[in-house]
Amino acid sequence: MNKLILPVIVLISVLFIVAGMTGDNKEAMENSAIIEVTSAQELNELVEQGPVLIEIGADWCPACSAQKPIMAEISLEYEGKASVVYLNSDKASGLAASFNIYSIPDSFVIVENNEDGYVYMGTDGQVTTDRNYARYIGLTTKNKFTELLNNAIEYRK
């Protein structure tokens, strides 16, 4: 009997944590300026206006869910300076596949779109056309995203 108590307590604790995260994420998304895109045209229109921070994810992905509040907070802080976009890899699989994703969440910043394609803000603060040098895979901190966006905004000036 005593051997069952600890696993049951752990299970109940995990269920409360997961339930709480789902509610927070829904609230964070409702109170944010995150834009969900489903087409390249929508994305290109946003890039014309300024830098775009993109998270490619899915509803079933725990790390994507954990990152939503971070993205929501950034979307409010950078409103009017940059766009924060969520691309659901299940709903817009063709667009997600065009970025050659192999793991989610996959996040990056597009600074412009020219005749050669998208130009990304690299993780080192330099622009690149190679998205592999500009992507963050997995749960990423707010500081890394804000640094990327600040560099992208400065580049676009």
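From a predicted model like this one, the values you see are computed outputs, not experimental measurements.

1. Side note on the packing of aromatic side chains
Part 1 of the argument: For the structure on display, the rule yields five aromatic pairs.
Part 2 of the argument: Ring plane angle 90 degrees and centroid distance 6.2 Å describe the contact between Tyr 136 and Phe 145, whose orientation is recorded as edge-to-face.
Part 3 of the argument: Exposure remark for Tyr 136: the relative accessible area of 16% places this residue in the buried category.
Part 4 of the argument: Of the aromatic side chains, those joined through ring pairs into one cluster are Phe 99, Phe 108, Tyr 118 and Tyr 120.
Part 5 of the argument: In this arrangement the basic side chain of Lys 68 is found over the ring face of Tyr 86, its NZ or CZ atom lying 4.9 Å from the centre.
Part 6 of the argument: Sitting above the plane of the Phe 108 ring, Arg 131 keeps its charged end 4.5 Å from the centroid.

2. Digging into the pairing of strand β4 (residues 106-114)
Part 1 of the argument: In this structure, strand β2 (residues 52-57) lies alongside β4, joined through five bridges in antiparallel fashion. Its bridge partner lying in β4, Val 52 is registered against Ile 110.
Part 2 of the argument: Note that β4 and strand β7 (residues 136-137) share two bridges and pair antiparallel. Opposite Ser 107, over in β7, you have Tyr 136 as the bridge partner.
Part 3 of the argument: Counting the residues in the hairpin turn of β4 and strand β5 (residues 117-121) gives two residues.

3. A look at the pairing of strand β3 (residues 83-88)
Looking along a regular strand, one sees side chains alternate from face to face of the sheet.
Part 1 of the argument: In terms of residue burial, β3 counts as a mostly covered element, since six of its six residues are buried.
Part 2 of the argument: One ladder, built from two bridges, connects strand β1 (residues 35-36) with β3; its direction is parallel. Its bridge partner lying in β3, Ile 35 is registered against Val 85.
Part 3 of the argument: With six bridges connecting them, β2 and β3 associate as parallel partners. Note on β3: the bridge partner recorded for Ile 56 is Leu 87.

Rules used in this analysis
- Residues numbered from 1 in each chain as written.
- Predicted model: local features only at pLDDT ≥ 70, side-chain atom pairs only at ≥ 80, totals over all residues.
- Heavy atoms only, no water.
- Phe/Tyr/Trp six-rings, centres within 6.5 Å; stacked < 30°, edge-to-face > 60°.
- Buried < 20%, exposed > 50% of the residue type's maximum accessible area, 1.4 Å probe, protein only.
- Lys NZ or Arg CZ within 6 Å of the ring centre and 35° of its normal.
- Pairing = 2+ DSSP bridges.
- Helix = DSSP H or I, 4+ residues; strand = E, 2+ residues; numbered from the N terminus.

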